[in-house]
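Fold and contact review
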Amino acid sequence: MKAASRLEADSIGSLEVPTAAYYGVQAERARRNFEITHLKMSPVFLSNLALIKKAAASVNFEIGLLTKPQADAIKTACDEVIAGKFAEDFIVDPIQGGAGTSANMNMNEVIANRANELLGGKRGTYDLVHPNDQVNMAQSTNDTIPTAGKMTTILLSEKLVASLDKLEASLRIKADEFSDVIKMGRTQLQDAVPMTLGDSFAGYASMVSRLKKRLEKAVMEMHEINLGATAIGTGINASQYYKDHIAGQLSKLFGFELKQADDLFDATENLDSFVEVSGALKACAISLSKMSNDLRLLSSGPRCGFAEINLPAKQNGSSIMPGKVNPVIPEVVSQVAFLVCGHDTTITMAAEAGQLELNAFEPVVFYQLFESFTALTGAVDTLVENCITGITANKGRCKQLKEGSVGIATVLCPYLGYQLSAKIAKRALKEKRSVRELVLESHLMSEEKLDGLLG
């Protein structure tokens, strides 16, 4: 049985919309035009977009452009959207043509219909509160959508940084725990010089600290918004009072300080700040993947690899090989890194593709950027919980590999000289004997002094 519908009209024509829907004709038209990912827009993004509408209603009421009943109804509807109501009414695909107009109108229509309902009207009539005239008053898609995108980036970055904090703390705990485990360092996968396993984990912790700082620095640009620019930066259809007060009003609601850009034309047409954030995410993903590569190598085996550390066994590793356990957590971190790198390329291309006074490709920028944040945060969380905290050291294996390596001959150079040390190393390889054994046999150093050098 076909659901009941109502007829709504826009400048394109008339279209049937389900009677029960809070969205309207423009959202319905977009739903039909953009069946792309079949996914929903980010709920965090939608919440921030509703917050912008609430701030705008407050400022427009202050200057008498909205009546108190209209402003109160709009703000109540916004609060309900922020609380997660009407989620099924946000029907526009996250990837959409039109620079986000469909997303903006989907929000305007939901708020307008709910506000009309609160004022005693019916959905789809818009006689008490209109999506464009009241809800979108003093705004444009071109300043609300990028502002919501920046607000969402700020919130998602807070979550990622919190997860990176936990990762850094976990790595430093392991660095302290493994500070007395001497192992062979490697360069180009060849034996290099002795180090401690703790040194490795301390290095990872310092890397994570630097990644956080880089991301936080990039995200600072997200606090500069173009709200009040309206269509292209002129602020057309927005009062001077609105332009002077909207950033402050939104900051109070949002909980983070937001500043109106000094040049609204620049802030409306250029997306380089999002490219910078994406670049910081890519650097973070790449570095975490490199660390994950190390963890897989150091835990390889358990009999035929390095086997210097043990990763927690999280699940069966094979449907055919009994007892096999794979490093699934480091593997998923690397896969997320591949995802983030691909998204960074998309974001870069989209930012470059802007033309004149607007970049029409913000929807795909936000879709990819938000997914990068979400996926990377999830990867870091599982890395901490299901891998780092449970890593143990194979001290005997580390000692065995160190003692059997010719790389420890490097330690002898200051005492025996490069040439003699190289000769000992080559002889150790040829005769399949340890450097320690040959040094003692040749009476080149006392056992006590050698033990002090080699550990």
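Thresholds, definitions, all that
- Residues numbered from 1 in each chain as written.
- Predicted model: local features only at pLDDT ≥ 70, side-chain atom pairs only at ≥ 80, totals over all residues.
- Heavy atoms only, no water.
- Helix = DSSP H or I, 4+ residues; strand = E, 2+ residues; numbered from the N terminus.
- Contact = heavy atoms within 4.5 Å.
- Axes fitted to C-alpha atoms, helices over the stretch in contact; angles between N-to-C directions.
- Parallel < 35°, antiparallel > 145°, perpendicular 65-115°, else oblique.
- Left-handed = near helix turned anticlockwise from the far one by under 90°.
- Nonpolar A, V, L, I, M, F, W, Y, C, P; charged D, E, K, R; others polar.
- Core = buried A, V, L, I, M, F, W, Y, C linked by side-chain atoms within 4.5 Å.
- Buried < 20%, exposed > 50% of the residue type's maximum accessible area, 1.4 Å probe, protein only.
- Phe/Tyr/Trp six-rings, centres within 6.5 Å; stacked < 30°, edge-to-face > 60°.
- Lys NZ or Arg CZ within 6 Å of the ring centre and 35° of its normal.

Turning our eyes to something else, we now look at the side chain of Gln 249. Along the polypeptide, Gln 249 turns up in helix α8 (residues 240-254). Beyond its immediate sequence surroundings of up to four residues, Gln 249 is in contact with Ala 55, Ser 58, Val 59 and Glu 62.

Okay, the packing of helix α7 (residues 197-219) against helix α10 (residues 272-298) next. In the contact formed by α7 and α10, the axes pass within 8 Å of each other and the chain directions differ by 165°. As the angle between them shows, α7 and α10 are arranged roughly antiparallel. Here α7 runs over α10; the crossing is left-handed. Contacts between α7 and α10 pair Phe 201, Tyr 204, Met 207, Val 208, Leu 211, Arg 214, Leu 215, Ala 218 and Val 219 from the former with Glu 276, Val 277, Ala 280, Leu 281, Ala 283, Cys 284, Ser 287, Leu 288, Met 291, Asp 294, Leu 295 and Leu 298 from the latter. Taken together, the residues of the contact of α7 with α10 break down into 17 nonpolar, one polar and three charged.

Of all hydrophobic cores here, the largest spans 109 residues; its most connected members are Leu 167 and Leu 288. Setting aside residues no more than four positions away along its own chain, Leu 288 makes contact with Leu 164, Leu 167, Met 207, Val 208, Leu 211, Val 333, Leu 376 and Val 380. Counting residues in each nonpolar core, the second largest holds 15 residues, with Ala 425, Val 435, Val 439 and Leu 454 among its members.

On to the packing of aromatic side chains, then. All chains considered together, the criterion is met by eight aromatic pairs. Arranged with centres 5.4 Å apart and planes meeting at 65°, the rings of Phe 178 and Phe 201 form a pair that is edge-to-face. You can see Phe 178 sitting in the loop between α6 (141-177) and β3 (182-187) and its partner Phe 201 sitting in helix α7, a full 23 residues away along the chain. By the burial criterion, Phe 178 is buried, and Phe 201 matches it. Aromatic ring contacts, followed pair by pair, group Phe 45, Phe 274, Phe 366 and Phe 370 into a single cluster. One residue, Arg 123, lies across the ring of Tyr 22, its end atom 3.9 Å from the ring centre. Here the basic side chain of Arg 186 rests over the ring of Phe 306, its NZ or CZ set 4.1 Å away from the ring centre.

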